[in-house]
Every structure is written in structure tokens, then in C-alpha cells.
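Structure assessment
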Amino acid sequence: SQQGEEDPQALSIQEGENATMNCSYKTSINNLQWYRQNSGRGLVHLILIRSNEREKHSGRLRVTLDTSKKSSSLLITASRAADTASYFCATALNSGGSNYKLTFGKGTLLTVNP
Amino acid sequence: DTAVSQTPKYLVTQMGNDKSIKCEQNLGHDTMYWYKQDSKKFLKIMFSYNNKELIINETVPNRFSPKSPDKAHLNLHINSLELGDSAVYFCASSQEGRRGTQYFGPGTRLTVL
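Residues numbered from 1 in each chain as written. Chains lettered and ligands numbered in written order. Predicted model: local features only at pLDDT ≥ 70, side-chain atom pairs only at ≥ 80, totals over all residues. Heavy atoms only, no water.

This paragraph deals with the pattern of salt bridges. Following the criterion strictly, the structure yields seven salt bridges over all chains and no others. Salt-bridge contacts for A:Asp83 lead to A:Arg60; the nearest nitrogen and oxygen are separated by 2.9 Å. In this pair, A:Asp83 is assigned in the loop between β8 (71–76) and β9 (85–96) and A:Arg60 in the loop between β6 (55–58) and β7 (61–66), connecting sequence segments 23 residues apart. A:Asp83 sits in the buried class, given a relative accessible area of 8%. As a salt-bridge pair, B:Arg63 and B:Asp85 come within 2.8 Å of each other at their nearest N and O atoms. A residue pair is termed long-range when its members are at least 10 positions apart, and B:Arg63 in the loop between β6 (53–57) and β7 (64–70) and B:Asp85 in the loop between β8 (73–78) and β9 (87–94) qualify at 22 residues. It is possible to trace a salt-bridge network through shared partners that takes in A:Lys101, B:Lys44 and B:Glu58. (Salt bridge = Lys/Arg side-chain N within 4 Å of Asp/Glu carboxyl O. Helix = DSSP H or I, 4+ residues; strand = E, 2+ residues; numbered from the N terminus. Buried < 20%, exposed > 50% of the residue type's maximum accessible area, 1.4 Å probe, protein only.)

Set out below in C-alpha cells:
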């Protein structure tokens, strides 16, 4: 069954503004990851936050995780036109040994207008 | 240097045909995956292999058969193609110790007519 649900489905902002995307999930997780997909391309890993972490930063990205609410948010600061893409959250659950199963949400389509 | 590559990039075929998609990764990763992304961009895992051993096999029709000749390759063969198989198929790989972080190929857009 589908795990992550992103909100909003689509977001349109002006260059320089911040973009916030949210993700909710239903079951327990080992970590939560965010990926970006440019149109017609494969997914690119952005950032991973472990279940015992609450906040993580990477460049202009800030991710939060609230396991009590089963939700995460991705903040992109000072957005650029090149940030235009679909953003997916993925919950990761260890499926034995070093194997993890990722379950993806439906994604948020971010459009950054120049 | 392409990390995860797939061939072909586009595949257009008739219903009932059999086709294969190939995937290769040069990252030295132990685990490889196949995902299906539908027209609404929903991405769902189909299979995963770890060192040529099947680890994850989701509820996928028997017409889909993955084959891993070695840990750098994971191919997907589809028999008796149906209209509903039209989608973009992504291959991905991950390395032990990276908590499931995956590297994706560019995708293969399959269109069944």
C-alpha cells in the first residue's frame, strides 16, 4: 500500500522565495528520504533523515521529521528556476540485513518562476 | 561516466509482444531494483536483487521476470505485453551501509499499442 503522501500536489513560487513541501506516512520507518525528479529524468537523492533525527540540513535544503505525527517537511530556501522539478518523499524500512525497501509518495510538482 | 544506465530509453511495441529492458550499474553496488512509474508519476517498487538473489518481489504479474546475470546487471523481461504495462520503468541501485539511498537510471518509457 502507498506509504507517503506529499502535500501540496503542486506548488508555484517566484525565484528567491522559499518552498515547503510536506509528507505524511502511515507505518514505522527506519529513515525517510527526499528525491528530486526533473522532467523526463530519473530520480536524484537529495537528503536522508534517520528516524531518531528531528532536523537535518544540506545546503539550501532543510528537512524535518516528526515520528509522532508521522510527517516530514522539505524546505528549499532561496529557490532558483533550476529547482523546478517533482519532489518525492520515500520511507525506508529495513527488509533484512542491509536491504531497505523504499515506498514513495505521489510527489509535489514545484515550479519556480524566474 | 554513467552510474546507472538503461537501454532502451524508449520502447514502443504492440500488445502481446515480449520485450526486455536492460540495466547496468558501474557503482559497485550490491543491490539493484526495478520500479514502475505510472502516468500520474506514482513510483512503485517491483523487484530488488542483492548479489543476484531476489530480495523483494512485489505483487507483479508473472509476465514480468527479472534476471540478474551478475551484481552489476538487472534485466527485466516482460511477456505478452498489455496496454496497462505502458509506463516508465526505472532501474536503481544501492550500496550496503548507505541506509537504502538509491541511485536511479534515466528510465525506459514503454508504450504498448
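It is worth spelling out the interface of chain A and chain B at this point. Taken together, the 24 residues of chain A in the interface contact 23 residues of chain B. Buried surface at the junction of chain A and chain B, both sides included, amounts to about 1900 Å², of which 54% is carbon and sulfur. The interface formed by chain A and chain B includes one salt bridge. Where B:Glu58 meets A:Lys101, a salt bridge forms, and the shortest distance between an N and an O atom there is 3.1 Å. Counting the contacts that link chain A with chain B gives nine residue pairs in polar contact (both at pLDDT 80 or more). Residue assignment for the side of chain A that touches chain B shows that the elements contributing at least two residues are β4 (31–37), β5 (43–50), β9 and β10 (99–104) of chain A. Looking at the side of chain A that touches chain B element by element, the count peaks at five residues for β10(A). Split by residue class, the side of chain A that touches chain B holds eight nonpolar, 12 polar and four charged. (Contact = heavy atoms within 4.5 Å. Buried area = accessible area lost by both parts, 1.4 Å probe. Polar contact = N/O pair within 3.5 Å; in protein donor to acceptor, adjacent residues only side chain to side chain. Nonpolar A, V, L, I, M, F, W, Y, C, P; charged D, E, K, R; others polar.)

Below, the discussion takes up the sheet that holds β8(A). Residue and element names in this part refer to chain A. Within the open sheet, the five strands sit side by side as β1-β3-β8-β7-β6. Their pairing is antiparallel. Of all strands in the sheet, those bounded by a partner on one side alone are β1 (5–7) and β6. Taking the axes of each pair of neighbouring strands and ignoring which way they run, one obtains an average angle of 15° across the sheet. Two strands pair when backbone bridges link them, and β6 and β7 are joined in this way by four bridges, in the antiparallel orientation. (Pairing = 2+ DSSP bridges. Axes fitted to C-alpha atoms, helices over the stretch in contact; angles between N-to-C directions.)

Time to look at the packing of aromatic side chains. Taken as a whole and assessed by the stated rule, the structure comprises eight aromatic pairs over all chains. A centroid spacing of 5.6 Å and a plane angle of 90° characterise the contact between A:Phe104 and B:Tyr35, whose relative ring orientation is edge-to-face. With one member in each of two chains, A:Phe104 in strand β10 and B:Tyr35 in strand β4 (residues 31–37) form a pair that bridges those chains. An aromatic cluster of at least three residues, connected via ring pairs, comprises A:Tyr35, A:Phe104, B:Tyr33, B:Tyr35, B:Phe90 and B:Phe104. (Phe/Tyr/Trp six-rings, centres within 6.5 Å; stacked < 30°, edge-to-face > 60°.)

Residue and element names in this part refer to chain B. Read across the open sheet, the four strands follow the order β1-β3-β8-β7; overall the sheet is antiparallel. Each having just a single partner strand, β1 (4–7) and β7 make up the two edges of the open sheet. Ignoring which end each strand starts from, the neighbouring axes of this sheet average 20° apart. One ladder, built from four bridges, connects strand β3 (residues 19–25) with β8; its direction is antiparallel. Across the sheet, lysine 19 pairs through a bridge with isoleucine 78, a residue of β8.

We now examine the environment of A:Ser24. Of note, A:Ser24 is situated in strand β3 (residues 19–24). The spacing of A:Ser24 and A:Gly105 is 81 residues in sequence and 8.7 Å in space, taken between C-alpha atoms.

So, on to the state of the cysteines. The final tally for this structure, using the stated rule, is two disulfides over all chains. Disulfide pairing is shown between A:Cys23 and A:Cys89; the S-S distance is 2.0 Å. Judged by the sign of its S-S torsion, about 65°, the cystine formed by A:Cys23 and A:Cys89 is right-handed. Taken together, the residues span a long stretch of sequence, with A:Cys23 in strand β3 and A:Cys89 in strand β9 at a distance of 66 residues. There is no split in this pair, since A:Cys23 and A:Cys89 are both buried. Disulfide pairing places B:Cys23 opposite B:Cys91 at an S-S distance of 1.8 Å. Classification of the bridge connecting B:Cys23 and B:Cys91 rests on its S-S torsion, roughly -75°, and on that basis the disulfide is left-handed. Of this pair, B:Cys23 sits in strand β3 while B:Cys91 is found in strand β9, placing the two residues 68 residues apart along the sequence. Of the two residues, B:Cys23 and B:Cys91, both sit in the buried class. (Disulfide = S-S within 2.5 Å.)

Interpretation in functional terms is not warranted from these geometric data alone.
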